[in-house]
Amino acid sequence: MNMPTVALIEFNTYHAECIQSQIHYLLSSNYQIVLFCNTKQKNNIECYRELVSDIYYLNPHSIPELLQVRSFIINSNIDNVIFNTAHGSAVLKFCLLPFPKRINFVGTIHNLRKLTDSFGQKLINRRLSAFYVLAKYMKLNAEKYSSLKCAAVSASVTPEASNITIDKKDNEVYLIVPGSIEYKRRDYEYLKEIANFKTDINYKIVLLGNAKKGDGPNFINWIISSGLNDRFIYFNEYVSNEIFNAYMEKCDYLLALIEPNTKAAEDYINYKISGTFIQAISFQKPMLCNAIFKDIKDFNYNGVFYTNTEELFAHIRNHSSTSHVANNDFEENRKEYISLLK
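Reading the values: rules and limits
Residues numbered from 1 in each chain as written. Predicted model: local features only at pLDDT ≥ 70, side-chain atom pairs only at ≥ 80, totals over all residues. Heavy atoms only, no water. Phe/Tyr/Trp six-rings, centres within 6.5 Å; stacked < 30°, edge-to-face > 60°. Helix = DSSP H or I, 4+ residues; strand = E, 2+ residues; numbered from the N terminus. Buried < 20%, exposed > 50% of the residue type's maximum accessible area, 1.4 Å probe, protein only. Lys NZ or Arg CZ within 6 Å of the ring centre and 35° of its normal. Contact = heavy atoms within 4.5 Å. Pairing = 2+ DSSP bridges. Axes fitted to C-alpha atoms, helices over the stretch in contact; angles between N-to-C directions. Expected span 1.5 Å × (residues − 1). Arc of directions from axis to C-beta. Parallel < 35°, antiparallel > 145°, perpendicular 65-115°, else oblique. Nonpolar A, V, L, I, M, F, W, Y, C, P; charged D, E, K, R; others polar. Salt bridge = Lys/Arg side-chain N within 4 Å of Asp/Glu carboxyl O.

1. Considerations on the packing of aromatic side chains
Line of reasoning, step 1. Evaluation of the coordinates by the stated rule reveals 28 aromatic pairs.
Line of reasoning, step 2. With 6.1 Å between their ring centres and 90° between their planes, F83 and F94 make a pair best called edge-to-face. With F83 in strand β4 (residues 80–83) and F94 in helix α4 (residues 89–95), the pair connects residues that are 11 residues apart, well separated along the chain. For the pair formed by F83 and F94, the shared burial category is buried.
Line of reasoning, step 3. Three or more aromatic residues link up through ring pairs in this structure, and these residues are F11, F83, F94, F99 and F105.
Line of reasoning, step 4. Above the plane of the ring of Y174 lies K168, whose end atom (NZ or CZ) is 4.8 Å from the centre.
Line of reasoning, step 5. For the cation-ring pair, K272 lies above Y268, with the distance from its terminal atom to the ring centre recorded as 5.0 Å.

Below is the structure:
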């Protein structure tokens, strides 16, 4: 009997870190996978080549190319289409194309504000039969804003051990900020405060992403002009999975960098999650988090909570760890994920 094929689509230029877990859920459920991705995601996606049946890169803002994807799905008798990111203009255009009723559309909504603030999202949701969110605390809010069925699944997967050796001194503490530097997502003014804190702790702040992207050049200029180059480790190029994993294995604490005054703080408390939360579970690392997250129902992450910078460094000095290790049950997540498919 032939294994059914799923079309897994990422038209946007972000959220590539959420694809790996879905590939494993689908493969473990006896599905074949065809990936359709934005050409700009090639560096992030090509590592999955051996796991999937095929990968097609495209410019999703080209109507002819969207029509080609549509034709492929229909002609290949694919019954399930999954959007890794179920919002954005390209997804909207694709969802407005005609499709046979046999095809089931689902996808991940990464920001629940879309359910209340976006007319385009309302049109996308008319095509979806259900949607995923990436945290249990998000599901509680999702059910307030949409009548569609919702499943909460983890995007965290156990990483492969890296063959790269990192020269980290025994007395060094690595505080890691994973991903590219984006002021709208994290509080880099607070990171400056951490970097300037006077202490005898020998710590390095690792900016584990391509510092040439986003707001990276601006922040790196601040590091250099402040004479803090020795306080940081950063990369002026794409960070491969192997290098990323090698540094994460050496990580002592992840820095969430979401503070009460952070512009997006309310969003992260109610409507979406940070990629750092995902990495905290994947690598089973403690995450230094502002206490604004402490009392959130179903905030099942490895949080070590502080109210000020002195407390943050007290946790580091005392080697504070989490009171529990967040559960990341693969089989539970797989069943929840597959429950939305035909």
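2. Focus on the side chain of S21
Line of reasoning, step 1. Assignment of secondary structure puts S21 in helix α1 (residues 19–27).
Line of reasoning, step 2. You can call S21 buried: its relative accessible area is 1%.
Line of reasoning, step 3. Setting aside residues no more than four positions away along its own chain, S21 makes contact with S154, A155, S156 and V157.

3. Some thoughts on the sheet that holds strand β2 (residues 32–38)
Line of reasoning, step 1. With parallel pairing, the seven strands of this open sheet are ordered in space as β3-β2-β1-β4-β5-β6-β7. What marks the edges here is a single partner per strand, and that holds for β3 (54–58) and β7 (149–152). The mean inter-strand angle of the sheet, taken between neighbouring strand axes irrespective of direction, is 20°.
Line of reasoning, step 2. Note that β2 and β3 share five bridges and pair parallel. In the strand pairing of β3, N38 is matched with L58.
Line of reasoning, step 3. Taken strand by strand, helix α14 (residues 330–338) contacts β4, β6 (130–133) and β7, and its axis lies near 160° from that of β7.

4. Concerning helix α3 (residues 63–75)
Line of reasoning, step 1. An ideal rise of 1.5 Å per residue puts 18 Å on 13 residues; α3 measures up with 18 Å between its terminal C-alpha atoms.
Line of reasoning, step 2. Within the sequence span of α3, burial applies to L66, V69, I73 and I74. Down the axis of α3, the buried side of the element spans an arc of 130°, and every buried residue falls inside it. Exposed side of α3, more than 90 degrees from the buried face: P64, Q68 and N75 are the residues found there.
Line of reasoning, step 3. Of the surrounding secondary structure, the elements contacted by the buried residues of α3 are β1 (5–10), β2, β3, β4 and α4.
Line of reasoning, step 4. At the C-terminal side of α3, N77 shows a positive phi close to 55°.

5. Focus: the packing of α1 against α14
Line of reasoning, step 1. Direction vectors running N to C along α1 and α14 enclose 85°, while the axes themselves pass 9 Å from each other. Relative to α14, the element α1 is oriented roughly perpendicular. Seen from α1, the contacting residues are Q22, H24, Y25 and L26; seen from α14, they are F330, N333, R334, Y337 and I338.
Line of reasoning, step 2. Tallied by class, residues from the contact of α1 with α14 come to five nonpolar, three polar and one charged.

6. With respect to unusual backbone geometry
Line of reasoning, step 1. A positive phi angle is found at D298, which is not glycine, with a value near 65°.
Line of reasoning, step 2. Position of D298 among the secondary structure elements: in the loop between β12 (287–290) and β13 (303–306).
Line of reasoning, step 3. Given a relative accessible area of 29%, D298 falls into the partly exposed group.
Line of reasoning, step 4. Positive phi is not limited to glycine here, since H319 has a value of about 55°.
Line of reasoning, step 5. Residue placement: H319 occurs in the loop between α13 (309–317) and α14.
Line of reasoning, step 6. H319 gets classed as exposed once you look at its relative accessible area, which sits at 65%.

7. Quick notes on the environment of P98
Line of reasoning, step 1. Looking at where P98 falls in the secondary structure, it is placed in the loop between α4 and β5 (104–108).
Line of reasoning, step 2. Along the primary structure P98 and A246 are separated by 148 residues, whereas in three dimensions their C-alpha atoms are 46 Å apart.
Line of reasoning, step 3. Excluding residues that lie within four positions of it along the chain, P98 makes contacts with R70 and R127.

8. Here's the deal with the pattern of salt bridges
Line of reasoning, step 1. One pass over the full model with this rule turns up 12 salt bridges.
Line of reasoning, step 2. A salt bridge links R49 to E46; the shortest N-O distance between them is 2.8 Å.
Line of reasoning, step 3. For R49, a relative accessible area of 31% translates into the label partly exposed.
Line of reasoning, step 4. Looking at E46, the relative accessible area reads 29%, which means it is partly exposed.
Line of reasoning, step 5. Across the pair R49 and D54 runs a salt bridge whose closest N-O atoms are separated by 3.3 Å.

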